[in-house]
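The chain contents come next:
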Amino acid sequence: MSRPRISNDDGPRAAGGGLIDRRALFEGALGAAVFAASAVAAEPLVVPDWSMAPGGPFIPYGQPSKFESRVTRVATPPANPATPGVGASRTPHHLLDGMITPNSLHFERAHGGIPDIDPERHRLAIHGLVKRPLVFTMEALARYPMTSRIAFIECGGNGGSLSQPVAQKVDAQAIRGLVSCAEWTGVPLSILLDEAGVDPAAAWVYAEGADSAGMSRSIPLKKAWDDTLVCLYQNGERIRPSNGYPVRLLVPGFEGNMNVKWLRRLKLVADPVITKDETSKYTILLDSGKTWNFVWPIEVNSFITRPSPGVGLKGPGLYEISGLAWSGAGRIRSVEVSADGGKSWAQAALQDPVLPKALTRFRLPWKWEGGPAVLQSRSTDEAGSVQPTRAAMIAERGLRGQFHVNCIQSWAIDEKGEAANVYA
Ligand SMILES: Nc1nc2c(c(=O)[nH]1)N[C@H]1C(S)=C(S)[C@@H](COP(=O)(O)O)O[C@H]1N2
Ligand SMILES: [Mo]
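Residues numbered from 1 in each chain as written. Chains lettered and ligands numbered in written order. Predicted model: local features only at pLDDT ≥ 70, side-chain atom pairs only at ≥ 80, totals over all residues. Heavy atoms only, no water.

1. Some thoughts on the nonpolar core
- Core analysis: the largest hydrophobic core is formed by 39 residues, its most contacted members being Leu19, Trp326, Trp366 and Ile413.
- The set of elements that each furnish at least two residues to this core consists of helix H2 (172-176), strand S9 (179-188), strand S18 (301-306), strand S19 (317-326), strand S20 (332-338), strand S23 (360-368), strand S24 (373-381) and strand S25 (410-413).
- A per-element tally of this core places S19 first, with five residues.
- If we ignore the near neighbours within four places in the chain, the residues touching Leu19 are Pro12, Arg13, Ala14, Ile321, Val337, Ser338, Ala339, Ala346, Leu364, Pro365 and Trp366. (Core = buried A, V, L, I, M, F, W, Y, C linked by side-chain atoms within 4.5 Å. Buried < 20%, exposed > 50% of the residue type's maximum accessible area, 1.4 Å probe, protein only. Helix = DSSP H or I, 4+ residues; strand = E, 2+ residues; numbered from the N terminus. Contact = heavy atoms within 4.5 Å.)

2. Some remarks on the site of ligand 1
- The environment of ligand 1 is formed by 20 residues, the closest being Phe107, His111, Asp211, Arg248 and Lys261.
- A distance of 3.0 Å separates an oxygen atom of ligand 1 from a polar atom in the backbone of Arg109.
- Between a nitrogen atom of ligand 1 and a main-chain N or O atom of Asn259, the distance comes to 3.1 Å.
- Alone, ligand 1 offers 530 Å² of accessible surface; in the complex the protein occludes 100% of this.
- When residues of the shell around ligand 1 are assigned to their parent elements, the largest contribution, three residues, is made by strand S5 (residues 108-110).
- A class-by-class count of the residues in the shell around ligand 1 yields seven nonpolar, eight polar and five charged. (Near = heavy atom within 4 Å. Polar contact = N/O pair within 3.5 Å; in protein donor to acceptor, adjacent residues only side chain to side chain. Areas by Shrake-Rupley, 256 points an atom, 1.4 Å probe, with all protein chains shown as cover. Nonpolar A, V, L, I, M, F, W, Y, C, P; charged D, E, K, R; others polar.)

3. Remarks on the sheet that holds strand S26 (residues 419-422)
- With antiparallel pairing, the five strands of this open sheet are ordered in space as S21-S20-S24-S25-S26. Looking at the sheet topology across the chains shown, the edges are occupied by strand S21 (346-347) and S26. (Pairing = 2+ DSSP bridges.)

4. Some points on a negative patch on the surface
- A cluster of acidic residues, Asp116, Asp118, Glu120 and Glu139, forms a negative patch on the protein surface.
- Residue position: Asp116 is located in the loop between S5 and strand S6 (123-128).
- What makes Asp116 exposed here is its relative accessible area of 80%. (Patch = residues over 30% accessible without salt bridge, like charges linked within 9 Å, V, L, I, M, F, W, Y side chains within 5 Å. Salt bridge = Lys/Arg side-chain N within 4 Å of Asp/Glu carboxyl O. Lys, Arg positive; Asp, Glu negative; His and termini not counted. Charge placed at Lys NZ, Arg CZ, Asp CG, Glu CD.)

5. Re the confidence of the model for the protein
- Mean pLDDT for the protein: 94, with 95% of residues reaching 70 or above.
- In the model of the protein, strand S16 (residues 284-285) stands out as the element of lowest mean pLDDT, 87, in contrast to S9, which has the highest, 99.
- In the predicted structure, residues 1-7 sits below a pLDDT of 50 and forms 18 contacts with residues beyond four places in sequence or in another chain. (pLDDT = per-residue confidence, 0-100.)

6. A look at the pattern of salt bridges
- This structure, assessed with the given rule, holds 19 salt bridges.
- In this structure, Glu336 engages Arg378 in a salt bridge whose closest nitrogen and oxygen atoms are separated by 3.0 Å. Of this pair, Glu336 sits in strand S20 while Arg378 sits in strand S24; the two residues are 42 residues apart in sequence, bridging distant segments of the chain.
- With a relative accessible area of 16%, Glu336 lands in the buried category.
- Assessed through its relative accessible area of 21%, Arg378 is described here as partly exposed.

7. Re helix H5 (residues 390-397)
- Among all positions of H5, only Arg390, Met393 and Arg397 are buried. Buried residues in H5, looked at end-on, bunch into an arc of 60°, giving them a common side. Among the exposed residues of H5, those pointing more than 90 degrees away from its buried face are Ala391 and Ala395.
- Next to the buried residues of H5 lie S16 and strand S17 (291-292). (Arc of directions from axis to C-beta.)

8. Points about helix H3 (residues 189-196)
- Within H3, the full set of buried residues consists of Leu189, Ser190, Leu192, Leu193 and Ala196. Taken around the axis of H3, the buried residues stretch over an arc of 160°, which confines them to a single face.
- Phi for Gly197, located one or two positions after H3, is positive at around 75°.

9. Digging into the domain arrangement of the protein
- Its domain assignment divides the protein into domain 1 (108-164 + 179-277) and domain 2 (301-422).
- Taking only C-alpha atoms into account, the centre of domain 1 sits 31 Å from that of domain 2.
- Taken together, the contacts link 21 residues of domain 1 with 19 residues of domain 2.
- It is Phe152, Leu162 and Ser163 that lose the most area in domain 1 upon contact with domain 2, and together they represent 38% of the buried surface on that side. (Domains from an automatic or database assignment. Buried area = accessible area lost by both parts, 1.4 Å probe.)

10. Considerations on the pairing of S19
- Counting buried positions along S19 gives ten out of ten residues, so the element sits mostly inside the fold.
- As paired elements, S19 and S23 share nine bridges and run antiparallel to each other. Across the sheet, residue Ala325 finds its bridge partner in S23, namely Thr360.

11. As for the packing of aromatic side chains
- Scanning the entire structure with this criterion turns up seven aromatic pairs.
- Plain terms: the ring middles of Phe136 and Tyr144 are 5.7 Å apart, the flat faces sit at 75° to each other, and that makes the pair edge-to-face. Summarising the burial analysis for this pair, Phe136 and Tyr144 share the class buried.
- Ring centres of Trp204 and Phe294 lie 5.6 Å apart, and the angle between their planes is 40°; this geometry places the pair in the tilted category. Taken as a pair, Trp204 in strand S10 (residues 204-209) and Phe294 in the loop between S17 and S18 lie far apart in primary sequence, 90 residues in all.
- The class for Trp204 is buried, based on a relative accessible area of 14%.
- An aromatic cluster is present here, built from Trp204, Phe254, Phe294 and Trp296 joined pairwise through their rings.
- Sitting over the ring of Trp184, Arg248 keeps its end group 5.1 Å from the ring centre. (Phe/Tyr/Trp six-rings, centres within 6.5 Å; stacked < 30°, edge-to-face > 60°. Lys NZ or Arg CZ within 6 Å of the ring centre and 35° of its normal.)

This is the structure in structure tokens:
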């Protein structure tokens, strides 16, 4: 890669509004420009009180620093106070970095509350169009060969607030908090299907949860053979209760709802079952009154986590714009960033690893001159799909289809450096 041309003190400009070439981050082309360090005398360093005495004890299960207590999930107030576990809570992406979501902050979506499942008594059955119906204890399941993969799970309803006719005063957590990314470990479903012996008449797998909602979906058999995992672990530890303990499906890249939690049976069937979760919900209602049914893969998407509402700028100067991109079709190929509401675009740097069907972190240096700006990100996946503008998305499907919203999202930066959700 050739060294970018230095056009001024802060590094080469890559697009309008102060965006700097991404290569400047790695090649020292930012020169003497400073991001935020104070240029006061560095010595003598003061010795703080926590250095003057031995520190605290070890604790059996770790917790974040008490100074990070604002970094929490936010739950949507339940529609019915009698069932507080019916609803969703969202990941605070504006306060996190990297590509992995800590288990305590993975978003949660539950249609019938979070069941308190005893792994000793829980069973998983595979039956229907199979030669040998099977029942697994959790202990038996754990004896099969396992594999791990890093994958996002995104609720089909994520981004639904962008369907509001007027831009809501909401932050990244409220708009995009229903996507998270973890390392999931479990038994490839193909191994269990092989053991059960799938009847040639089977074309679908009906997956059902043990929660009070009995949430269930029809999964095409091809996807079940391909990369579906019967998961026991999440980021190295047993799956958290709200995320499906003791066993859940990971259906990589497919809408969150297909990733059935508290999994209790997989029934091989010839036709889709047409459950309530694939009719009254998770279909996309068009203006014409028709619906798109069985919209499985999550479309190419991205958003900027920093700056964003609540994570504003502290005076003009150099900043790093950062965010997340993902696609259910595979890897992210590129992310472009605009600081002028989409008039000009610069390539962001993609941080390794860039994995298929996983969150990908992007970064780009930016010189904020102190004036109003509109920040946007636009991602392209390896299938060549590009995020549409909000106007293009509405032209295609109207405003009623509140699922699978993947349009470009905009943060307006005001003179004070505060960010707000806008439609640009
Ligand atoms: N059994 C069961 N599985 C379920 C659900 C549920 O309510 N019950 N919610 C689904 C929905 S709508 C989503 S978006 C994902 C969310 O997974 P998470 O809570 O681990 O983030 O789980 C899916 N699996
Ligand atoms: Mo969902």
